[in-house]
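Chain by chain, the residues run as shown.
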Amino acid sequence: LVEAQLSTGAGLVGMRFQLDFPDAVSMRGEALFAVSKASGGALIDALFGEPVPPEMFSTVEEKVMTEVGDILLYTCASSLSHFLEVDIEGGGSAFVRGFPESKGNIFPAADGEEGGAPEKMMALEAEFQIAHSEIKGLIMLLMDWSNRPSLKRELNRFIDHLVG
């Protein structure tokens, strides 16, 4: 999904999260921040105010992308939790350069977690671009589709509350 929209030199930052619904059902997911190699380089240069020397780029790229991704992903996942009025649990973010070989979850399972992707997933995707620049990419929330009744109920409750 991400690879289809970005070049193969993309950088990915991901964070696992879990939404805990009132009916004791949980929905696990991954939040992803993805940019092409060119956009990632432009973002890093913009944050530093000048081009980063090539010998430092790899180290700086991982740190900057992880920090920026962590802020964006935490904001998106916690906003979803806030709108739905459900609890959220999450882990730290991780940076991956390029696209992983596995076709399961992009980020490996943590200790004590089951590995592999769910059979069906729901993807919420937002494209972004920083004004007056060439910096653009994707933010995605990938969630296990098996617990959709709980999500549907909470979305309906949220919409009913908005409509009044």
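Residues numbered from 1 in each chain as written. Predicted model: local features only at pLDDT ≥ 70, side-chain atom pairs only at ≥ 80, totals over all residues. Heavy atoms only, no water.

## Quick look at the pairing of strand 2 (residues 26-35)
Stage number 1. Burial analysis of strand 2 places eight of its ten residues in the buried class, which makes it a mostly covered element.
Stage number 2. Hairpin remark: strand 1 (residues 11-20) followed by strand 2, antiparallel, with five residues in the connecting loop; positive phi at Ala 24, about 65°.
Stage number 3. Sheet analysis places strand 2 next to strand 6 (residues 136-144), joined by seven bridges and oriented antiparallel. In the sheet register, Ala 34 faces strand 6, and the bridge partner there is Leu 138. (Buried < 20%, exposed > 50% of the residue type's maximum accessible area, 1.4 Å probe, protein only. Helix = DSSP H or I, 4+ residues; strand = E, 2+ residues; numbered from the N terminus. Pairing = 2+ DSSP bridges.)

## Section: helix 2 (residues 37-48)
Stage number 1. For helix 2, which comprises twelve residues, the first-to-last C-alpha distance of 17 Å matches the rise-based estimate of 16 Å (1.5 Å per residue) to within 8%.
Stage number 2. Looking only at helix 2, the buried set comprises Ser 39, Gly 40, Gly 41, Leu 43 and Ile 44.
Stage number 3. Looking at the buried residues of helix 2, the elements they touch are strand 2, helix 3 (54-84) and strand 6.
Stage number 4. Immediately downstream of helix 2, the backbone of Gly 49 shows phi near 85°, a positive value. (Expected span 1.5 Å × (residues − 1). Contact = heavy atoms within 4.5 Å.)

## Here's the deal with the packing of helix 2 against helix 3
Stage number 1. Closest axis-to-axis distance for the helix 2/helix 3 pair is 10 Å, and the angle between their directions is 85°. Comparing the axis directions of helix 2 and helix 3 gives the class roughly perpendicular. Contacts between helix 2 and helix 3 involve Gly 40, Gly 41, Leu 43, Ile 44, Leu 47 and Phe 48 from the former and Phe 57, Val 60, Glu 61, Val 64, Met 65 and Val 68 from the latter.
Stage number 2. Residue classes in the contact of helix 2 with helix 3 are distributed as nine nonpolar, two polar and one charged. (Axes fitted to C-alpha atoms, helices over the stretch in contact; angles between N-to-C directions. Parallel < 35°, antiparallel > 145°, perpendicular 65-115°, else oblique. Nonpolar A, V, L, I, M, F, W, Y, C, P; charged D, E, K, R; others polar.)

## A look at unusual backbone geometry
Stage number 1. We note that Ala 24 has phi near 65°; this positive angle belongs to a residue other than glycine.
Stage number 2. Tracing the chain through its elements places Ala 24 in the loop between strand 1 and strand 2.
Stage number 3. The exposed category is assigned to Ala 24, whose relative accessible area is 75%.
Stage number 4. Phi at His 132 takes a positive value of approximately 60°, unusual for a residue other than glycine.
Stage number 5. Looking at the element boundaries, His 132 is found in the loop between strand 5 (121-129) and strand 6.

## Some thoughts on the nonpolar core
Stage number 1. The biggest cluster of nonpolar side chains holds 23 residues, and the ones touching the most others in it are Phe 17, Leu 19, Phe 33, Met 65, Leu 73 and Met 143.
Stage number 2. For this core, the elements supplying multiple residues, two or more each, are strand 1, strand 2, helix 3 and strand 6.
Stage number 3. For this core, the element with the most residues is helix 3, which contributes five residues.
Stage number 4. Other than its neighbours up to four places away in sequence, Leu 19 contacts Val 25, Ser 26, Met 27, Leu 80, Ser 81, Leu 84, Val 86, Asp 87, Ile 88 and Met 143. (Core = buried A, V, L, I, M, F, W, Y, C linked by side-chain atoms within 4.5 Å.)

## Structural notes on the environment of Glu 154
Stage number 1. Along the chain, Glu 154 turns up in helix 4 (residues 148-163).
Stage number 2. Residues Glu 154 and Phe 83, spaced 71 residues apart in sequence, show a C-alpha to C-alpha distance of 9.1 Å.
Stage number 3. When near neighbours in sequence (up to four residues on either side) are disregarded, Glu 154 contacts Phe 21, Pro 22, Leu 84 and Val 86.
Stage number 4. Side-chain polar atoms of Glu 154 contact the side chain of Arg 153, separated by 3.5 Å. (Polar contact = N/O pair within 3.5 Å; in protein donor to acceptor, adjacent residues only side chain to side chain.)

## Comments concerning the pattern of salt bridges
Stage number 1. Counted under the stated rule, the structure contains six salt bridges.
Stage number 2. Its salt-bridge partner being Arg 153, residue Glu 154 comes within 3.5 Å of it at the nearest N-O pair.
Stage number 3. By relative accessible area, Arg 153 is classed as partly exposed at 38%.
Stage number 4. Between Arg 157 and Glu 154 there is a salt bridge, and its shortest N-O distance comes to 3.1 Å. (Salt bridge = Lys/Arg side-chain N within 4 Å of Asp/Glu carboxyl O.)

Treat this as a map of the structure, not an account of what it does.
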